[in-house]
Amino acid sequence: MGSQEVLGQAARLASSGLLMQVLFRLITFVLNAFILRFLSKEIVGVVNVRLMLLYSTTIFLAREAFRRACLSGGAQRDWSQTLNLLWLTVPLGVFWSLFLGWVWLQLLEVPDPNVVPHYGTGVVLFGLAAVVELLGEPFWVLAQAHMFVKLKVIAESLSVILKSVLTASLVLCLPHWGLYIFSLAQLFYTTVLVLCYVTYFTKLLGSPESTKQQTLPVSRMTDLLPSITGSGAFLNWKEAKLTWSFFKQSFLKQILTEGERYVMTFLNVLNFGDQGVYDIVNNLGSLVARLIFQPIEESFYIFFAKVLEREKGATLQKQEDIAVAAVVLESLLKLALLAGLTITVFGFAYSQLVLDVYGGAMLSSGSGPVLLRSYCLYVLLLAINGVTECFSFAAMSKEEVDRYNFTMLALSSSFLVFSYLLTRWCGNVGFILANCFNMGIRIMQSLCFIHQYYRESPHRPLAGLYLSPVLLGAFALSGGLTGVSEVFLCCEQGWPARLAHIAVGVFCLGVTLGTAFFTETKLIHFLRTQLGVFRPADKTMCSKMH
């Protein structure tokens, strides 16, 4: 499979993932607004911070390293060994679920049962849900490696929709169930998700005439189960060693990703009610970031991992692949920078309005608006970091990954310290400031790697971080106008004034996007050719983009 074809498949996966993320987040957005009317903020805090942290930590530690290792490299591999390696996520998940469940029940503060009932059952069911999801890991990796775009979209969309319907129904009919509602819904979600993948592959492998079936390295469902390969080796030890390197990295990355929740959970800097409010604002702040950046990062990591060979520098790679990778990286950096700046500039002037509409005075008063404005700045750094690490992790050799782990270790330690100190000094905003500091360090490290990687080649993908002065002026003008509009029109003057404030923002956004359209022509061409309708026969893409 050529680099152009891989690029087209990755672009389709990103655009489909983008639509899927929009659906997920819109459903969650509405669901949270609905739940706030029926449940206490203490229950929301325990579920969204304490129990979801248990679930995400178990999942992340058990599978993240395996995913990255098994999706790296080309098509020349013994898939039976790769599948054997992936099945190890299940016992690893059982171990982490039991260990972390014990920590959550025995070492952490237990909520007041009169305010948050059924906490123990919630811990058990969330841990069980994590293990159930890991049962589908071999199917997920096989589908991702072969770019089964629609399968992921349908499976995750169906799971989220059914989970949301079940949660809303139970909240409406049985609100006194408390944590039972969310625990059962989470277990139901993972079960439906795994069943979707199993059902799809069962039907696909049962149809030998299918063209997709002919491209798979397995011919029947039993081939997906653990087995001894023809060479007698149960695992590919090179792949296993790479997994261990990524595991050390994933442990540190999890601390950085969920650091504020670990500080809240283990150091008790906020009560459960404040945790609930913080999590709601945090979800609002990350809404657009996860809608746009996460599917792009996941999809183009697969692209870079397939096109680039580890252990080889840019001069030793196929020059056509290096050129395509450089063009894609430059375009993704430009896209991330523009999206992040748009969110930062307009988010500052519309944070209070969004919180007031979404949650009322509980969110729009106090530290809520300041928290969301700070998060808008963090989103800019998050966007750039997602792209730079996406490329770096795909191109790094095992030794470079190990060296990166040492930096992540120091970064993780400093992050926890900064989170604790800044939260004591600044309140909730301290979590965002600590995240910004650490994200900035991670970006600098990835930028240094990319600069070194392309140093001896004619390509300069980091040019994607430069914007035209005209576009920067448009952003500055929009920020000033919307800021003045907020002062005079938002948010105590009633809905006519609010609508006028929104109209000012729409006008400024239109002017800014129009300026970007006429100044960033290379990016517009990339979006049209790759994230629009991809044509594999178009062999002149790179020359046009250059």
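Residues numbered from 1 in each chain as written. Predicted model: local features only at pLDDT ≥ 70, side-chain atom pairs only at ≥ 80, totals over all residues. Heavy atoms only, no water.

Asker: How should the overall build of the protein be read in this particular structure?
Answerer: When helices and strands are counted, the protein shows 22 helices and zero strands. Residues counted as buried form 58% of the 546 residues belonging to the protein. A separation threshold of at least 6 residues defines the contact pool for the protein, and within that pool the share at least 24 residues apart is 82%. (Helix = DSSP H or I, 4+ residues; strand = E, 2+ residues; numbered from the N terminus. Buried < 20%, exposed > 50% of the residue type's maximum accessible area, 1.4 Å probe, protein only. Contact = heavy atoms within 4.5 Å.)

Asker: Explain the pattern of salt bridges to me, please; I cannot follow it from the model alone.
Answerer: Should the charged atoms of two oppositely charged side chains come close, the side chains can pair. Taken as a whole and assessed by the stated rule, the structure comprises twelve salt bridges. Between Asp279 and Arg261 there is a salt bridge, with its nearest N and O atoms 2.3 Å apart. Of the two residues, Asp279 sits in helix H12 (residues 272–285) while Arg261 sits in helix H11 (residues 259–267), which places them 18 residues apart along the sequence. The buried category is assigned to Asp279, whose relative accessible area is 1%. Of the charged contacts, one joins Asp356 and Arg498 as a salt bridge, the two residues approaching to 2.4 Å between their closest N and O atoms. (Salt bridge = Lys/Arg side-chain N within 4 Å of Asp/Glu carboxyl O.)

Asker: How should I be thinking about the confidence of the model for the protein in this particular structure?
Answerer: The predicted coordinates of low-pLDDT regions are not to be read in fine detail. In the predicted model, the protein carries a mean pLDDT of 83, and 87% of its residues have values of at least 70. The weakest mean pLDDT in the protein belongs to helix H22 (residues 541–545) at 39; the strongest belongs to helix H5 (residues 119–134) at 96. Scored below 50 in pLDDT, residues 533–546 shows 21 contacts in the model against residues more than four places distant or in partner chains. (pLDDT = per-residue confidence, 0-100.)

Asker: Please clarify how the nonpolar core should be interpreted in this entry.
Answerer: Burial of nonpolar side chains together is a common tendency in soluble globular proteins. Counting residues in each nonpolar core, the largest one holds 156 residues, and the members touching the most others are Trp104, Tyr197, Phe201, Phe300, Phe304, Phe391 and Tyr453. No other element matches the 19 residues that helix H14 (residues 319–359) contributes to this core. Ignoring anything within four residues of it in the chain, the contact list for Tyr197 reads Phe139, Trp140, Ala143, Leu151, Lys152, Ala155 and Glu156. Membership of the second largest hydrophobic core comes to five residues, among which are Ala349, Leu353, Cys490 and Cys491. (Core = buried A, V, L, I, M, F, W, Y, C linked by side-chain atoms within 4.5 Å.)

Asker: Can you help me understand the packing of aromatic side chains in this one?
Answerer: Here a ring pair, both rings aromatic, is described through the centre-centre distance and the interplanar angle of the planes. Under the defined criterion, the tally for this structure stands at 23 aromatic pairs. Ring centres of Tyr200 and Phe201 lie 5.7 Å apart, and the angle between their planes is 90°; this geometry places the pair in the edge-to-face category. In this structure Tyr200 comes out as partly exposed when scored by relative accessible area, which is 25%. Given the relative accessible area of 0%, Phe201 is considered buried. Here the aromatic rings of Phe300 and Phe303 are separated by 6.2 Å at their centres, their planes lie at 80°, and the arrangement is edge-to-face. Of this pair, Phe300 and Phe303 both sit in helix H13 (residues 287–307), three residues apart, which is roughly one turn of the helix. (Phe/Tyr/Trp six-rings, centres within 6.5 Å; stacked < 30°, edge-to-face > 60°.)

Asker: Can you help me understand the packing of helix H2 (residues 41–70) against H5 in this one?
Answerer: When two helices pack together, you describe them by how their axes are tilted relative to each other and by the distance separating the axes. At a closest axis distance of 9 Å, the pairing of H2 and H5 adopts a crossing angle of 30°. Judged on the interaxial angle alone, H5 and H2 are roughly parallel. You can see that H2 and H5 cross each other, and the crossing is right-handed. Where H2 approaches H5, its residues Val46, Val47, Arg50, Leu51, Met52, Leu54, Tyr55, Thr58, Ile59, Ala62 and Arg63 are matched on the opposing element by Tyr119, Gly122, Val123, Phe126, Gly127, Ala129, Ala130, Glu133 and Leu134. The residue inventory of the contact of H2 with H5, partitioned by class, reads 14 nonpolar, three polar and three charged. (Axes fitted to C-alpha atoms, helices over the stretch in contact; angles between N-to-C directions. Parallel < 35°, antiparallel > 145°, perpendicular 65-115°, else oblique. Left-handed = near helix turned anticlockwise from the far one by under 90°. Nonpolar A, V, L, I, M, F, W, Y, C, P; charged D, E, K, R; others polar.)

Asker: So what exactly am I meant to see when it comes to the environment of Arg455 here?
Answerer: Inspection of the secondary structure assignment puts Arg455 in the loop between helix H18 (429–453) and helix H19 (469–489). For the pair Arg455 and Ala314, spaced 141 residues apart in sequence, the C-alpha separation works out to 8.5 Å.

Asker: Just checking my understanding: could you explain the packing of H2 against H12 for this structure?
Answerer: With their axes 7 Å apart at the nearest point, H2 and H12 run at an angle of 65° to one another. Regarding H2 and H12, the two cross each other, and that crossing is left-handed. On H12, the residues touching Lys41, Glu42, Val44, Gly45, Val46, Asn48, Val49 and Arg50 of H2 are Phe272, Gly273, Gln275, Gly276, Val277, Asp279, Ile280 and Asn283. Residue composition of the contact of H2 with H12, by class: six nonpolar, six polar and four charged.

Asker: Honestly, unusual backbone geometry in this entry has me stumped. Any pointers?
Answerer: Its identity as a non-glycine residue notwithstanding, His118 has a phi of 65°, on the positive side. Following the sequence through the fold, His118 ends up in the loop between helix H4 (89–106) and H5.

Asker: Explain the environment of Glu399 to me, please; I cannot follow it from the model alone.
Answerer: Along the chain, Glu399 turns up in helix H17 (residues 398–426). Expressed as a C-alpha distance, the spacing of Glu399 and Glu311, which sit 88 residues apart in the sequence, is 8.8 Å.

Asker: What should I look at first to understand the side chain of Ser478 in this one?
Answerer: Mapped onto the elements of the fold, Ser478 is located in helix H19. For Ser478, a relative accessible area of 4% puts it in the buried group. In this structure, Ser478 is in contact with Val345, Phe346, Cys508 and Thr512, ignoring residues within four places of it in sequence.

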